[in-house]
Amino acid sequence: MTSGIQTILEKEYHERSDIIELLRCSDEEAPLLYRKAAEVRDRYLGNIVYLRGLIEYSNLCGKNCLYCGIRRENRKVEHYTLSNDEVIKAALTAYKLNFGSIAIQSGENTSESFISNIEGLVTTIKKMTDGRLGITLSLGEQKRETYRRWFEAGAHRYLLRIEASSPDLYRKAHPDDEMHNYYNRLECLQTLKEEGYQTGTGVMIGLPCQTLNHLADDILFMRDFDIDMCGMGPFIEHSDTPLGKNGTENLFLKERFNLTLRMIAIARIVMKDINIVASTAMQTIQSFGREKAIACGANVIMPNLTPERYRAGYRIYEGKPGYKEVEEVNVSGLNMDLIPGTAIGLGIWGDAPHFNKRRTKS
Ligand code: SAH
Ligand code: SF4
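Below, the structure is looked at part by part. Just so it is clear, the model here is predicted, and its values are computed rather than measured.

## Observations concerning unusual backbone geometry
Item 1. With a phi angle near 50°, Asp 130 is a residue other than glycine that sits in the positive phi range.
Item 2. Taking the relative accessible area as the measure of exposure, Asp 130 reaches 58% and is therefore exposed.
Item 3. For Glu 163, which is not a glycine, the phi torsion comes out positive at approximately 70°.
Item 4. Mapping Glu 163 onto the fold places it in the loop between strand 4 (157–159) and helix 7 (167–172).

## With respect to the site of ligand 2
Item 1. By nearness alone, every residue bordering ligand 2 is listed as Cys 61, Lys 63, Cys 65, Tyr 67, Cys 68, Ile 70, Arg 71 and Gly 107.
Item 2. Residues belonging to the shell around ligand 2 are distributed by class as follows: 5 nonpolar, 1 polar and 2 charged.

## Some details on the nonpolar core
Item 1. Grouped together as the largest cluster of nonpolar side chains are 105 residues, with contacts concentrated most on Leu 33, Ile 102, Ile 125, Leu 137, Trp 150, Tyr 158 and Met 232.
Item 2. Sort the elements by how many residues they give to this core and helix 10 (residues 250–270) lands first, with 11 residues.
Item 3. Apart from residues no more than four positions distant in its own chain, Ile 125 is found in contact with Val 87, Ile 88, Ala 91, Ile 102, Ile 104, Leu 133 and Ile 135.
Item 4. In terms of nonpolar packing, the next biggest core, distinct from the first, is built from 8 residues, Tyr 50, Leu 54, Leu 159 and Val 300 among them.

## Re the site of ligand 1
Item 1. In the vicinity of ligand 1, 17 residues are found, and the nearest of them are Tyr 67, Ser 106, Arg 161, Glu 163 and Ile 236.
Item 2. The contact in question runs from a nitrogen atom of ligand 1 to an N or O atom on the backbone of Tyr 67, over 3.0 Å.
Item 3. Here a nitrogen atom of ligand 1 and a backbone polar atom of Ser 106 are 3.0 Å apart.
Item 4. Within the complex, 93% of the 540 Å² of free accessible area of ligand 1 lies under protein.
Item 5. Partitioning the shell around ligand 1 into residue classes produces 9 nonpolar, 4 polar and 4 charged.

Criteria and cut-off values
- Residues numbered from 1 in each chain as written.
- Chains lettered and ligands numbered in written order.
- Predicted model: local features only at pLDDT ≥ 70, side-chain atom pairs only at ≥ 80, totals over all residues.
- Heavy atoms only, no water.
- Buried < 20%, exposed > 50% of the residue type's maximum accessible area, 1.4 Å probe, protein only.
- Helix = DSSP H or I, 4+ residues; strand = E, 2+ residues; numbered from the N terminus.
- Near = heavy atom within 4 Å.
- Nonpolar A, V, L, I, M, F, W, Y, C, P; charged D, E, K, R; others polar.
- Core = buried A, V, L, I, M, F, W, Y, C linked by side-chain atoms within 4.5 Å.
- Contact = heavy atoms within 4.5 Å.
- Polar contact = N/O pair within 3.5 Å; in protein donor to acceptor, adjacent residues only side chain to side chain.
- Areas by Shrake-Rupley, 256 points an atom, 1.4 Å probe, with all protein chains shown as cover.

Right, here's the structure in full:
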């Protein structure tokens, strides 16, 4: 008997209704979807996982997203910003461990001192690693000029999640003001592309009021936008935020985890040659969550290199692991027995092949 989703999986091009069908597939059918996604990854990118050493630069944020634990109005947050020495030390650890790339992430800050400090850090890290360490930034919405300065300093990838590609759903998860404007965020993504970055976006899965139709549209949004990288993860309530104050049911988290695996697999099948992150939030919900995401087509992980004493401060969602993840004996922290045949891409940037194709097209 041919399974219901088998015919869809064999298609070259997927319509919205196909994507909804795949999102809806039963737990019995899901392994077919996952296997197909892993096959596509292996064919287009190889069975290799690339590492981005994550440096959480500062938990000071000017914004107030309704879901995020480090939002401006959460007065319980004890603020920190890493010193330049701490950032450089973490970057050199990544270099020494042969990570290939780092990712600098932070609460949003648009002050000139922040901008020039990041510019200086990127320049220094590039110089100290002979240009060999790749640099991804995830520093929120900024002006074109700022993106350009950071690119010229040596950053070459940027992650800015659209969070929800539906303007309506976006509105429900953010305060209704100019600072949290869907169209500004969209414009930033466009600017990043124009300025030459490998551009990544993604959404949270399991936001209140989100439906499977929204999720299917998120996939189509990413395909139409022609993204190079995708970072998606389950929404996890934080009790000190408007969207998290009523807590959650574990069952919902499990469902969100499974739905995220489906989203990752579908993203891989629909956008074959992009980079897809297995997010730490997956690991928070289930042990070996990242390995499961890799088995469903993801190919990038971001092991945390933030100095340990600051980890608790960067709690964007509850239960975020604060323990030491990176050890010299196993730099990825992955249990490789669970993902047989997979290799870690040491010492390489691991850019998405999609980016080069996109550039040669235009
Ligand atoms: N300030 C930057 C980068 C740091 S936040 C920005 O917002 O782009 C990085 C990501 O954390 C966000 O894009 C969001 O998708 C995710 N995040 C925030 N709160 C979360 C929560 N409660 N559950 C899951 N992911 C969350
Ligand atoms: Fe700030 Fe990013 Fe959290 Fe929004 S998601 S409050 S911009 S850190």
